[in-house]
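Coordinate inspection notes
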Amino acid sequence: MPPSLLDVGWITCARDDCPGAAHPPYGRCLAHLDPGELESALRALSPGHAVDLRGTAVSAELLDLVLDAAGRRLGRARFDLARFTGPARFAGVEFLGDATFDRARFDGLASFFGARFTGNASFGEAVFARELTMHGSRVHGHASFDRSSVGSDALFGDACLSSASFDRAEFRGFTSFDGTLFHGEARFRGARFRRAVSLSRAWFDGAAAFEGARFTDGAFLSPRSVAGRLNLAGARADGKLEIDASGCLVDLRNARTEGRLTLRLDDADVDLHGLVSRGQASVVRRSGRVRVLSLERLDVDRLTLSGADLSGCHLAGVPDPGRLRLSGCVFATTPRGVQLRLSWPPVRWWSRRQILADEHAWRFGPARPALDPGRLKHLYTGLRVDDDRTATDFAFGAMEMRRMAAAGPAARAVLGVYWLLCGYGLRTGRALAWLVLVAAVAAGSLLWSSSAPQHVARRPPWTGSGVPAQAPPPGARAVVPRPRAGASAVRGTVSRTRPTRSGVAVRADLTARVARRPGDSGDLPRPRP
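What comes next concerns the included structure. Being a predicted model, the structure only gives us computed values, none of them experimental.

1. Details of the overall build of the protein
The number of helices and strands found in the protein is 9 helices and 45 strands. Looking at the 529 residues of the protein, the share that counts as buried comes to 43%. Counted over contacts in the protein with a minimum sequence separation of 6, partners at least 24 positions apart contribute 22%. Here the protein has roughly 27,500 Å² of accessible surface; of this, 54% comes from carbon and sulfur atoms.

2. Comments concerning helix α2 (residues 60-69)
Given 3.6 residues to a turn, an α-helix orients residues that are three or four positions apart in the same direction. What α2 keeps buried is the set Ala60, Leu62, Leu63, Val66 and Leu67. End-on view of α2: buried residues confined to an arc of 160°, all on one side of the axis. In α2, the exposed positions that point more than 90 degrees away from the buried face belong to Glu61 and Asp68. On the buried face of α2, the contacting elements are α1 (35-43), β1 (51-52), β2 (57-58), β3 (73-74), β5 (83-84) and β6 (88-89). Residue Gly71 follows α2 closely and has a positive phi angle near 65°.

3. Some thoughts on the environment of Leu376
Within the secondary structure, Leu376 sits in helix α4 (residues 373-382). If we skip the residues at most four places from it in the chain, Leu376 touches Asp358, Glu359, Trp362, Leu371 and Met401.

4. Some points on a nonpolar patch on the surface
Residues Val417, Leu421, Trp434, Leu437 and Val441 make up a contiguous nonpolar surface patch of roughly 430 Å² in combined accessible area. It is helix α7 (residues 428-451) that provides the largest number of residues to the nonpolar patch, a total of 3 residues.

5. Quick notes on the nonpolar core
As a rule of thumb, soluble globular proteins bury nonpolar side chains together. In terms of nonpolar packing, the biggest core is built from 114 residues, with Phe84, Phe90, Phe95, Phe101, Phe112 and Leu295 touching the most fellow members. Apart from residues lying up to four places away in sequence, Leu295 is in contact with Leu272, Leu303, Leu305, Cys313, His314, Leu315, Gly317, Val318 and Leu324.

6. What to know about the pattern of salt bridges
Side chains that differ in charge, positive against negative, can pair when their charged atoms come close. Under the counting rule described, the total for this entry stands at 31 salt bridges. Between Arg189 and Glu185 there is a salt bridge, with its nearest N and O atoms 3.6 Å apart. Ionic pairing is found between Glu258 and Arg256, a salt bridge with its closest N-O pair at 2.7 Å. The partly exposed category is assigned to Glu258, whose relative accessible area is 28%.

7. Some details on unusual backbone geometry
For the bond from Pro24 to Pro25, the omega torsion is 0°, close enough to zero to count as cis. Mapping Pro25 onto the fold places it in the segment before α1. With a phi close to 60°, Asp158 is a non-glycine residue in the positive phi region. With relative accessibility at 37%, the residue Asp158 sits in the partly exposed group.

8. Thoughts on α1
All of the buried residues along α1 are Glu37, Leu38, Ala41 and Leu42. Buried residues of α1 fall within an arc of 135° about the axis and therefore sit on the same side. Residues Pro35 and Arg43 are exposed on α1 and point more than 90 degrees away from its buried face. Buried residues along α1 sit in contact with α2.

9. What about the pairing of strand β18 (residues 160-165)?
With 5 of its 6 residues buried, β18 lies for the most part within the structure. Taken together, the 5 bridges between strand β15 (residues 138-144) and β18 define a ladder with parallel strand orientation. Of the residues in β18, the one forming a bridge with His142 is Ser163. Here β18 runs beside strand β21 (residues 181-182); their pairing, made up of 2 bridges, is parallel. Paired with Leu161 across the two strands is Phe182, which belongs to β21. Bridging between β18 and strand β22 (residues 186-187) involves 2 bridges; their strand directions are parallel. Residue pairing for β22: Ser165 is matched across the bridge by Arg187.

10. Comments concerning the pairing of strand β35 (residues 261-266)
With 5 of its 6 residues buried, β35 lies for the most part within the structure. As defined by bridge partners, strand β32 (residues 241-246) adjoins β35 across 6 bridges and the pair is classed as parallel. Note on β35: the bridge partner recorded for Asp244 is Arg264. The sheet contact formed by β35 and strand β37 (residues 276-287) spans 6 bridges and is parallel. The residue of β37 that forms the bridge with Leu261 is Ala281.

11. Considerations on the packing of aromatic side chains
Counted under the stated rule, the structure contains 37 aromatic pairs. With a centroid separation of 5.7 Å and an interplanar angle of 80°, the aromatic rings of Phe79 and Phe90 are classed as edge-to-face. One end of the pair, Phe79, is in the loop between β4 (77-78) and β5; the other, Phe90, is in the loop between β6 and β7 (94-95), with 11 residues separating them in the sequence. The buried category is assigned to Phe79, whose relative accessible area is 1%. Centroid distance Phe95 to Phe117: 4.5 Å. Interplanar angle 0°. Geometry classified as stacked.

Reading the values: rules and limits
- Residues numbered from 1 in each chain as written.
- Predicted model: local features only at pLDDT ≥ 70, side-chain atom pairs only at ≥ 80, totals over all residues.
- Heavy atoms only, no water.
- Helix = DSSP H or I, 4+ residues; strand = E, 2+ residues; numbered from the N terminus.
- Buried < 20%, exposed > 50% of the residue type's maximum accessible area, 1.4 Å probe, protein only.
- Contact = heavy atoms within 4.5 Å.
- Areas by Shrake-Rupley, 256 points an atom, 1.4 Å probe, with all protein chains shown as cover.
- Arc of directions from axis to C-beta.
- Patch = residues over 30% accessible without salt bridge, like charges linked within 9 Å, V, L, I, M, F, W, Y side chains within 5 Å.
- Salt bridge = Lys/Arg side-chain N within 4 Å of Asp/Glu carboxyl O.
- Core = buried A, V, L, I, M, F, W, Y, C linked by side-chain atoms within 4.5 Å.
- Pairing = 2+ DSSP bridges.
- Phe/Tyr/Trp six-rings, centres within 6.5 Å; stacked < 30°, edge-to-face > 60°.

Below, the structure written as structure tokens:
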């Protein structure tokens, strides 16, 4: 469609096929005025005066004349659909009102070095064939570069922008936002960076949104501060991607990286839900607390987490835990002491150990999630950790999940006894405690048996004949022989010379005599009368 037939919304130049804004009273744009008419139009300009060059072909000479006539202080500046055929140098120009360059085309250099925009600055769908520099510029309003295109380097270093949007913008050269200060939100949604981009020492008082951005070459996002969220959800990096951030949330959900991915964080959170990385990826904590919020549906060739806090990150959705390498990470822990519960066993004594957030939620969470213990066992055995203590706790957790997932009660009982005796061979203290207990019980039994009263066999009384008295057999009657005549006198004589024996000894002697069987060689001699 010819440019003269475009519905541009303003009165166009009387010249054919010229969409430039007509300048009253001539009815033509400034580019088509006669020298005298142009001089008269420029004399009408003053500092702070509005300038309308919409659709006009602006040469470098014409631009310099207009800026000099306005004292390089423009009021409301309209350059929509303007075409700058030569270098456009707005260095040091002060825009006292809104400035619009929507759908403008810059065939040469576009320089806004040190320019000041009191209001808004709009470069929507503008085409910069060569370099664009906004180094040191100040925009107090909103700066819009939506769907703009820069054919060469784009330099925004040390610029100060209240808020800015670069949605679906395309940068074909090197892009620098080093030291740029964004007082509000900075949006780069769907932007394409054909070459390297750097955000070193940039300040973001709001969020930095790079959703769906495409980084063909290396990207170095090292802002000094991000007050909101550093959002790279759905972004794609074909080359190296390095992110240095502090005090913010780094969102890499559903992002994809083909090169090396490096995140160096200070007191920040990171969300890696659905991240796809075909290169080596690493998350390094430099200081503070670095929390990993999610690793669900993670698809990486290798991911190293150093010093990250995984106490609230569920790993059940990680397809291949063997590709994770954990170094110095923080995990959830079991409670210490005795726990009462309604299930069996009702009383459980816990020793402190590190566990995954999935097991913690499954055991102690208010709402117990539906989780397969076999899956947790696969996680515990698949994860690679550098800390020996953590590796031991994970091996213990794998055996616990194996016991939980056992098919029959017999297998559970065997593993339960294994746990009770020595903690699956991983709790040396428990085995030593059992050994000490068994030794103590054995020693106590030995001491008790040695201190109990002993039943000593009583010796039969002495009969005085050299043969101890024997007890009569059961049912035997004692036969007492009658004394002979004259025996009393003899006994009396004997009694005077011998000590009198007790009645017990006499009865025992008589009983022994009766109990002796006749014919025995050991018969006692009968006493003489």
